[in-house]
Amino acid sequence: MAALTAFGAALYGCSSAPNTDGNFDPTGSSSGSSGSNGSNGSNDGAAGDDATSSGGGGTNSDDGGSGMSEPDATAPRDAGRHTDASPSSSEDSGSSHDSGMTPADDASPDESAWLDPMNAARAAVGDPPLTWNPIAAQVALNYANMCNYVHNPNRNSDYKTLGGGNGGVGENIAAGAPTLTIAGANMGWIDDEKPAYDYATNTCNTSVAPECGHYTQIVWKTTTSVGCALVTCNTNTPFDPRYGSKWGYAVCDYAPPGNIVLNGTLEKPY
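Just so we're clear, the structure is a prediction, and the values are computed from it rather than from any experiment. (Residues numbered from 1 in each chain as written. Predicted model: local features only at pLDDT ≥ 70, side-chain atom pairs only at ≥ 80, totals over all residues. Heavy atoms only, no water.)

S.K.: How do you make sense of the environment of Glu211 when you look at a structure like this?
M.R.: Mapped onto the fold, Glu211 is located in the loop between strand 9 (203–204) and helix 5 (213–218). We classify Glu211 as buried; its relative accessible area is 0%. Residues Glu211 and Glu193 lie 18 residues apart in sequence; the distance between their C-alpha atoms is 6.9 Å. (Helix = DSSP H or I, 4+ residues; strand = E, 2+ residues; numbered from the N terminus. Buried < 20%, exposed > 50% of the residue type's maximum accessible area, 1.4 Å probe, protein only.)

Spelled out as structure tokens, the structure:
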């Protein structure tokens, strides 16, 4: 954990796939943007971690915005770990065409910074490693550069247009003020949520973390690749004005998407 600061803040989005039947957390603690067959979105909270904390988010190709509460810089770092997960319907979860993916061993430093923590989490549950997906990364970068802290409503069509195929992508987003790091985004998605996820019951212990959908997307067995982007924004800050206008925005898109619902029931990630 990083030291607390008076001016750091973080927001946490949602993790979802192209078409949804509902939220990850069966207890109904998820909230936010709506998708084609269900809902997903994001909540936010506070972190005093000088923007090294992170969250995630994603939506369907036709979903809307996300709701966020005001960050509180005096809150403990973990207070901002809010996530939602909109599972994908099984009939829309087929593999996309992930051309030109980069194995982790050949990844650039930034690619490795994204991949290494995710693949460590996957290895811990017996999943094969993710590879770098440059098409998904371009989709993530194009959207992150808009500096709009809601899920990309067009990410599936964007992915297809760039040559990624019809399978669509799941998405995690994170924001931090005044900055965000790759390590911070991964920490929020993995370290904060993994302890809350109960594999036996396939549920999220909301007394530990508000959501678990970022983590389950990362360790979803049939997800094979990811592309991410991290940008600095100076407009459209989702934070309270006391944090200033500068903020960091991370977007990761996953193919094929995870958090799959089959016959109304969320599948286990591995």
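S.K.: Help me understand the pattern of salt bridges in this model?
M.R.: Pairs can form between side chains of opposite charge whenever their charged atoms are close. Scanning all chains against the criterion turns up one salt bridge. Salt-bridge contacts for Arg242 lead to Asp240; the nearest nitrogen and oxygen are separated by 3.1 Å. (Salt bridge = Lys/Arg side-chain N within 4 Å of Asp/Glu carboxyl O.)

S.K.: Looking at this structure, I do not really get the state of the cysteines. What am I missing?
M.R.: Two cysteines whose sulfur atoms are joined by a covalent bond form what is called a disulfide. Under the criterion given, the structure shown has three disulfides. Between Cys204 and Cys212 runs a disulfide, and the two sulfur atoms are separated by 2.1 Å. Taking the sign of the S-S torsion, 75° for the link of Cys204 and Cys212, the bridge is right-handed. For Cys204, a relative accessible area of 5% gives the class buried. By relative accessible area, which is 0% here, Cys212 ends up buried. (Disulfide = S-S within 2.5 Å.)

S.K.: What's the story with the pairing of strand 10 (residues 225–233) in this structure? I'm lost.
M.R.: Residues in a regular strand project their side chains so that they alternate between the two faces of the sheet. Across the nine residues of strand 10, seven count as buried, placing the element largely inside the fold. Taken together, the two bridges between strand 6 (residues 131–132) and strand 10 define a ladder with parallel strand orientation. Looking across to strand 10, one finds that Trp132 is bridged to Val226. Alignment of strand 10 against strand 11 (residues 247–255), held across nine bridges, turns out to be antiparallel. Among the inter-strand pairings, Cys233 is bridged to a residue of strand 11, identified as Trp247. (Pairing = 2+ DSSP bridges.)

S.K.: Explanation requested: the packing of aromatic side chains in the structure shown.
M.R.: Aromatic ring pairs are defined here through the distance separating the ring centres and the angle between the ring planes. Counted under the stated rule, the structure contains seven aromatic pairs. A ring pair is formed by Tyr149 and Trp247, whose centres lie 6.4 Å apart and whose planes are at 85°; its orientation type is edge-to-face. Of this pair, Tyr149 sits in the loop between helix 2 (134–144) and helix 3 (155–161) while Trp247 sits in strand 11, placing them 98 residues apart in sequence. Accessibility assignment for this pair places Tyr149 and Trp247 in one class, buried. Centre to centre, the rings of Tyr197 and Tyr215 are 6.1 Å apart; their planes meet at 55°, and the pair counts as tilted. With Tyr197 in strand 8 (residues 197–198) and Tyr215 in helix 5, this pair connects stretches of sequence that are 18 residues apart. What makes Tyr197 buried here is its relative accessible area of 9%. Classification of Tyr215 by relative accessible area gives buried; the value is 1%. (Phe/Tyr/Trp six-rings, centres within 6.5 Å; stacked < 30°, edge-to-face > 60°.)

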